[in-house]
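Spelled out, the chains give:
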Amino acid sequence: MGEELKRIPLGIFAVLLLISTSSFQVLRASDDADDAIFYESFDEDFEDRWIVSQKDEYSGVWKHAKSEGHDDYGLLVSEKARKYAIVKELDEAVSLKDETFVLQFETRLQNGLECGGAYLKYLRQQEAGWKPKEFDSESPYSIMFGPDKCGTTNKVHFIFKHKNPKSGEYVEHHLKYPPSVPSDKLSHVYTAILKPDNELQILIDGEQKKKANFLSAEDFEPPLIPPKTIPDPDDKKPEDWDEREKIPDPSAVKPDDWDEDAPLEIVDEEAKKPEGWLDDEPEIDDPEATKPEDWDDEEDGEWEAPKIDNPKCEAAPGCGEWKRPMKKNPAYKGKWDAPLIENPAYKGIWKSRDIPNPDYFELKKPDFEPIAAIGIEIWTMQDGILFDNILIAEDDKVAASYRETTWKPKFTVEKEKQKEEGSEAVSAGLAGFQVMSFCIFTFPPTPLSFILILLFSIMSVTPLLSYAKCYFLSLQKKVFDLLYKVADMPFLSAYKLKIYVSNKTNVSYFGIVSCWNMA
């Protein structure tokens, strides 16, 4: 029996192991689903569960498609330069009060993301004024979360809308300094953990990238709690309020010798005309110029050849009328201004007085609106965006378990494939080169031989062990041509250069011997 087990091919064993591991992960995900408030795996077609917006502007086509390289399905953005909108109503509205809540989903930017969004909107109840088939950018949401990238924008949004209990208005509060979007084409999982102590954690691939507090003015813009006071909008600056800290000295008098009309530059009377200056050699007619065939003397006037520099001027310091150059005027002072002195009437920079903020309120924790649906409403210039494994849970351990069982296996495979493709790209690049081996010896050692050995070592894929060592290089044919050109340079004649070329081996002697075999 032992001998039979030993004869099982390694490849078959690996496949069996992969199948058993995958089955265990599916079972784990199934078990975790019991602990989730909401979970969408997109294993089945979405059309009987998700509602596509019927508004004309949302012409992008959603597809149920596999993630590239996997048997796992997701919700795919299938066309470029389109608007997309789709929504899933929850069986029951989810209250985000008094408990830990986790919002998590995967997205894969299979063709990258130059300009577009890949975020989710957690929508309020329909009583707030929206309908699934009319879902659009104006549909009221409670939280918006996920990647967004275009131009200088590169962030993982976390925005929540909160009702001011005083004014009754809903205000968008944006997370300050959010993390950036990963720039690769791999699967990534985004997690937002909302804790009852007002803490927010943003995770990417299970790693914490941002921690914030909902009540902190340092973490959200505008802050959730408004300022206690605001500038009085009715307050006006008094007419006699002087904000000038310094003023011109009224007692100052311009000096008698201050000439405001003196020019900045004057003629340099000490300058002398250079010897050889040709005063009477002006520009000449271009002897090669000819009158255009369509030139009409009656309409265009008498034709004249264009002027060119006089050839006699090329060897002279200059031609034509000589004029003395200009120089800086030592008497120039410019416009006189009185010196500045402290302003005795200065009162400082005026600002309106503060008054109590009528919209101010105190809050111990945010009053999130219940989540009744999950929507994706985006505009993107890229296709290939894949959404998967959307989760709402009350325990961050449940979310971590989902990451381990649904996201991590895919990410691991993609990462390995990325490394393989990188290695293949390097190999493909090297395949375009001619491979040769250099054996370098010196006759007598010379400074040139040491320099060439060092040069070959830098270009080599193996380190320099000694100057009498074989090196394996990857070089283009152009390098050969360059070496031959260098070999023909006169300064190498002192090294008794001789080049012998045969069909199989090229041997060069110039103080050193380089022998290589073309592969």
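I will try to describe carefully the structure that is included in this document. (Residues numbered from 1 in each chain as written. Predicted model: local features only at pLDDT ≥ 70, side-chain atom pairs only at ≥ 80, totals over all residues. Heavy atoms only, no water.)

### Some words on the overall build of the chain
Line of reasoning, step 1. Looking only at helices and strands, the chain has six helices and 30 strands in total.
Line of reasoning, step 2. Expressed as a percentage of the 519 residues in the chain, the buried residues total 37%.
Line of reasoning, step 3. Counting only contacts in the chain whose residues sit at least 6 apart along the sequence, the fraction spanning at least 24 positions is 72%.
Line of reasoning, step 4. By element, 52% of the accessible surface of the chain is carried by carbon and sulfur atoms, the whole surface being about 32000 Å². (Helix = DSSP H or I, 4+ residues; strand = E, 2+ residues; numbered from the N terminus. Buried < 20%, exposed > 50% of the residue type's maximum accessible area, 1.4 Å probe, protein only. Contact = heavy atoms within 4.5 Å. Areas by Shrake-Rupley, 256 points an atom, 1.4 Å probe, with all protein chains shown as cover.)

### Re a negative patch on the surface
Line of reasoning, step 1. Taken together, the side chains of Glu 68, Glu 416, Glu 420, Glu 421 and Glu 424 define an acidic patch exposed on the protein surface.
Line of reasoning, step 2. Relative to the helices and strands, Glu 416 is located in helix α4 (residues 396-431). (Patch = residues over 30% accessible without salt bridge, like charges linked within 9 Å, V, L, I, M, F, W, Y side chains within 5 Å. Salt bridge = Lys/Arg side-chain N within 4 Å of Asp/Glu carboxyl O. Lys, Arg positive; Asp, Glu negative; His and termini not counted. Charge placed at Lys NZ, Arg CZ, Asp CG, Glu CD.)

### What about the environment of Glu 265?
Line of reasoning, step 1. Position of Glu 265 relative to the elements: it lies in strand β18 (residues 265-267).
Line of reasoning, step 2. Taking the C-alpha atoms as reference points, Glu 265 and Asn 329, separated by 64 residues in sequence, lie 4.7 Å from one another.
Line of reasoning, step 3. Setting aside residues no more than four positions away along its own chain, Glu 265 makes contact with Met 326, Lys 327, Lys 328 and Asn 329.

### Observations concerning the nonpolar core
Line of reasoning, step 1. One finds Tyr 122, Ile 143, Phe 145, Phe 158 and Phe 387 to be the most contacted residues of the largest nonpolar core, which totals 57 residues.
Line of reasoning, step 2. A total of six residues in this core trace back to one element, the largest contributor, which is strand β5 (residues 82-94).
Line of reasoning, step 3. In this structure Phe 158 touches Ile 143, Met 144, Phe 145, His 173, His 174, Leu 175, Ala 192, Leu 194, Leu 200, Ile 202, Phe 214 and Phe 220, once residues within four positions along its chain are discounted.
Line of reasoning, step 4. Ala 36, Val 102, Ile 193 and Val 398 belong to the second-largest nonpolar core, a separate cluster that totals nine residues. (Core = buried A, V, L, I, M, F, W, Y, C linked by side-chain atoms within 4.5 Å.)

### Description of the environment of Leu 103
Line of reasoning, step 1. Residue placement: Leu 103 occurs in strand β6 (residues 101-109).
Line of reasoning, step 2. When its relative accessible area of 1% is taken as the criterion, Leu 103 is described as buried.
Line of reasoning, step 3. Taking the C-alpha atoms as reference points, Leu 103 and Ala 192, separated by 89 residues in sequence, lie 5.2 Å from one another.
Line of reasoning, step 4. Apart from residues no more than four positions distant in its own chain, Leu 103 is found in contact with Tyr 122, Ile 143, Phe 145, Tyr 190, Thr 191, Ala 192, Leu 194, Ile 371, Leu 391 and Ile 392.

### Digging into the pattern of salt bridges
Line of reasoning, step 1. Evaluation of the coordinates by the stated rule reveals 26 salt bridges.
Line of reasoning, step 2. Residues Lys 97 and Asp 367 are paired through a salt bridge, measuring 2.9 Å at the closest nitrogen-oxygen approach. Here Asp 367 lies in the loop between β23 (354-356) and β24 (371-380) and Lys 97 lies in the loop between β5 and β6, a separation of 270 residues in the sequence.
Line of reasoning, step 3. Note that Arg 108 is salt-bridged to Glu 414, the shortest N-O span being 3.4 Å. Of the two residues, Arg 108 sits in strand β6 while Glu 414 sits in helix α4, which places them 306 residues apart along the sequence. Judged on exposure class, the residue Arg 108 and its partner Glu 414 are both buried.
Line of reasoning, step 4. Salt bridges sharing partners connect three or more residues here, namely Asp 72, Glu 106, Asp 388 and Lys 410.

### So, the packing of aromatic side chains
Line of reasoning, step 1. Under the counting rule described, the total for this entry stands at 16 aromatic pairs.
Line of reasoning, step 2. Through successive ring pairs, a cluster of aromatic residues spans Trp 62, Tyr 84, Phe 105, Phe 145, Phe 158, Phe 160, Tyr 190, Phe 214, Phe 220, Phe 368 and Phe 387.
Line of reasoning, step 3. Looking at Arg 124, its charged tip hangs above the ring of Tyr 170, at a distance of 3.9 Å from the centre.
Line of reasoning, step 4. Taking the ring centre of Tyr 141 as reference, the NZ or CZ of Lys 161 above it sits at 4.6 Å. (Phe/Tyr/Trp six-rings, centres within 6.5 Å; stacked < 30°, edge-to-face > 60°. Lys NZ or Arg CZ within 6 Å of the ring centre and 35° of its normal.)

### Some thoughts on the pairing of β5
Line of reasoning, step 1. Where strand β2 (residues 51-52) meets β5, two bridges bridge the pair, whose relative direction is antiparallel. Among the inter-strand pairings, Val 52 is bridged to a residue of β5, identified as Ile 86. (Pairing = 2+ DSSP bridges.)

### Considerations on the pairing of strand β13 (residues 199-204)
It is a general feature of regular strands that their side chains alternate between the two faces of the sheet.
Line of reasoning, step 1. Burial runs high along β13: six of the six residues are buried.
Line of reasoning, step 2. Burial along β13 is two-sided: Glu 199, Gln 201 and Leu 203 facing one way and Leu 200, Ile 202 and Ile 204 facing the other are all buried.
Line of reasoning, step 3. Sheet topology places strand β12 (residues 187-194) next to β13; five bridges connect them, and they run antiparallel. Opposite Ala 192, over in β13, you have Ile 202 as the bridge partner.
Line of reasoning, step 4. Linking β12 back to β13 in an antiparallel pair, the connection comprises four residues, with Asn 198 at a positive phi of about 75°.
Line of reasoning, step 5. Between β13 and the antiparallel strand that follows it, strand β14 (residues 207-213), lie two residues; Asp 205 among them carries a positive phi value of about 55°.

### Topic: the side chain of Asp 388
Line of reasoning, step 1. By the secondary structure assignment, Asp 388 is in strand β25 (residues 385-393).
Line of reasoning, step 2. Excluding anything up to four places from it in sequence, Asp 388 contacts Glu 40, Ser 41, Phe 42, Asp 72, Tyr 73, Gly 74, Phe 105, Glu 106 and Lys 410.

### A look at the state of the cysteines
Line of reasoning, step 1. The tally for this structure, following the rule as stated, stands at two disulfides.
Line of reasoning, step 2. Sulfur-sulfur distance for the disulfide between Cys 115 and Cys 150 comes to 1.7 Å. Here the S-S torsion is close to -75°, and the disulfide linking Cys 115 with Cys 150 is therefore left-handed. One end of the pair, Cys 115, is in strand β7 (residues 115-117); the other, Cys 150, is in strand β9 (residues 141-150), with 35 residues separating them in the sequence.
Line of reasoning, step 3. Overall, the relative accessible area of 33% leaves Cys 150 in the partly exposed class. (Disulfide = S-S within 2.5 Å.)

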